[in-house]
Amino acid sequence: IRKLAGASVCKFTGASTGPVLALATDIECGSTQQLALALLGGVGVTMWVLWLVILVQRKSYEATPVPNLYDYHAAVIFVQSKVVLGVVSSAFSRTRPVATLVLNCIVLLALYTTNLLRWPCRFRTVNVARALSIFVAYLCNMSLIIFELMLVKHKLRWVASLVLPVGVGAVTCLHLGHRRNSQVAAGDPIVPWVEA
């Protein structure tokens, strides 16, 4: 998405020169080449968004051979979260790594909570595996934040402020997971929110 939208992003390199593309400094903004690339990039972004919509439909109410494989709203949340994480990581991972990691932690914690409040998939094993993978990703993100702040930037005061969100997030998620698991029968592989 960065390369598709990059044909529309210009930057100034100096007071005497005009704006050029941020991804290609040899292409001037406003030129025929830049406008054609921007048009093609816009078409590409539109096709990509439509593909995401179709993907969500095929995973939810148009799923085959298992009907309603995923809850539609949960599938939308998961796809949108992946888009946000991908775009933010691509745009800011080099310039603002700590802010990117913090945003990733917030999105992952929201995904984990959403996953536990209402299982998105009909199959319990898939939901448990997804919850576990999201939680491991969250812990890895937190480890990278602490590593970045302690060893790279030497800002030890930030570690104390991270302990509270990590602890509250972990305890909340574990509590929600225990509560949700106790509501679903242990031997039932299909979650009861959808009719077969």
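Here goes a summary of the coordinates provided. (Residues numbered from 1 in each chain as written. Predicted model: local features only at pLDDT ≥ 70, side-chain atom pairs only at ≥ 80, totals over all residues. Heavy atoms only, no water.)

## Quick look at the overall build of the protein
Secondary structure assignment for the protein yields 6 helices and 2 strands. Listing each helix as α and each strand as β along the protein from the N terminus yields α-β-β-α-α-α-α-α. Buried positions account for 31% of the 196 residues belonging to the protein. A separation threshold of at least 6 residues defines the contact pool for the protein, and within that pool the share at least 24 residues apart is 56%. Carbon and sulfur atoms make up 68% of the accessible area of the protein, which totals about 12,400 Å². (Helix = DSSP H or I, 4+ residues; strand = E, 2+ residues; numbered from the N terminus. Buried < 20%, exposed > 50% of the residue type's maximum accessible area, 1.4 Å probe, protein only. Contact = heavy atoms within 4.5 Å. Areas by Shrake-Rupley, 256 points an atom, 1.4 Å probe, with all protein chains shown as cover.)

## Here's the deal with the packing of aromatic side chains
This structure, assessed with the given rule, holds 3 aromatic pairs. The interplanar angle of 35° and the centroid separation of 5.2 Å between the aromatic rings of Tyr-112 and Phe-135 together place this pair among those described as tilted. Note that Tyr-112 is positioned in helix α4 (residues 97-117) and Phe-135 in helix α5 (residues 124-152), a separation of 23 residues in sequence. Comparing Tyr-112 with Phe-135 shows no difference in burial state: the two are buried. The ring of Tyr-70 is capped by Lys-59, whose NZ or CZ atom sits 6.0 Å from the centre of that ring. (Phe/Tyr/Trp six-rings, centres within 6.5 Å; stacked < 30°, edge-to-face > 60°. Lys NZ or Arg CZ within 6 Å of the ring centre and 35° of its normal.)

## So, the side chain of Arg-130
Looking at the element boundaries, Arg-130 is found in helix α5. Of the side chains with opposite charge, Asp-71 comes closest to the buried, unpaired Arg-130, at an N-O distance of 11 Å. Beyond its immediate sequence surroundings of up to four residues, Arg-130 is in contact with Tyr-70, Phe-78, Asn-115 and Pro-120. (Lys, Arg positive; Asp, Glu negative; His and termini not counted. Salt bridge = Lys/Arg side-chain N within 4 Å of Asp/Glu carboxyl O.)

## Details of the environment of Gln-34
Among the structural elements, Gln-34 can be located in helix α2 (residues 32-59). The exposure class of Gln-34 is buried, given its relative accessible area of 6%. Sequence spacing of Gln-34 and Ala-24 is 10 residues, and the spatial spacing of their C-alpha atoms is 9.9 Å. Excluding residues within four positions of it along the chain, Gln-34 makes contact with Ala-7, Ser-8, Cys-10, Leu-21, Ile-27, Glu-28 and Cys-29.

## Some thoughts on unusual backbone geometry
Residue Pro-65 is bonded to the preceding Thr-64 through a cis peptide linkage, with omega at 0°. Inspection of the secondary structure assignment puts Pro-65 in the loop between α2 and α3 (72-92).

## Digging into the environment of Arg-130
A residue is classified by how much of its surface remains accessible, and Arg-130, at 19% relative accessible area, is buried. For the pair formed by Arg-130 and Leu-111, sequence separation is 19 residues and the distance between their alpha carbons is 9.8 Å. At a separation of 3.0 Å, a polar atom in the side chain of Arg-130 contacts the side chain of Tyr-70. (Polar contact = N/O pair within 3.5 Å; in protein donor to acceptor, adjacent residues only side chain to side chain.)

## Comments concerning the packing of α3 against α4
Interaxial distance between α3 and α4 falls to 10 Å at its minimum, and their mutual angle equals 170°. Relative to α4, the element α3 lies roughly antiparallel. Mapping the contact onto sequence places Ile-77, Phe-78, Ser-81, Leu-85, Val-88, Ser-89 and Phe-92 in α3 and Pro-97, Thr-100, Leu-103, Asn-104, Val-107, Leu-108, Leu-111, Thr-114 and Asn-115 in α4. Here the contact of α3 with α4 is built from residues that sort into 10 nonpolar, 6 polar and no charged. (Axes fitted to C-alpha atoms, helices over the stretch in contact; angles between N-to-C directions. Parallel < 35°, antiparallel > 145°, perpendicular 65-115°, else oblique. Nonpolar A, V, L, I, M, F, W, Y, C, P; charged D, E, K, R; others polar.)

## Brief notes about α3
For α3, spanning 21 residues, the distance from its first C-alpha to its last is 30 Å, which sits close to the expected 30 Å at 1.5 Å a residue. Listed in full, the buried residues belonging to α3 are Ala-74, Ala-75, Phe-78, Val-79, Ser-81, Leu-85 and Val-88. (Expected span 1.5 Å × (residues − 1).)

## A word on the side chain of Asn-104
Assignment of secondary structure puts Asn-104 in helix α4. Not counting residues within four places of it along the chain, the set of residues in contact with Asn-104 comprises Leu-85, Ser-89 and Asn-141.

## Some points on the nonpolar core
Core analysis: the biggest nonpolar cluster contains 19 residues, and Leu-108, Leu-111, Tyr-112, Ile-134, Tyr-138 and Ile-145 have the highest contact counts within it. Every element with two or more residues in this core is listed here: α3, α4 and α5. Take this core: its biggest share by element is 8 residues, from α4. Judged by nonpolar contacts, the second largest core, of 6 residues, contains Leu-52, Val-56, Val-79 and Cys-121. (Core = buried A, V, L, I, M, F, W, Y, C linked by side-chain atoms within 4.5 Å.)

The analysis is restricted to geometry; functional conclusions fall outside its scope.
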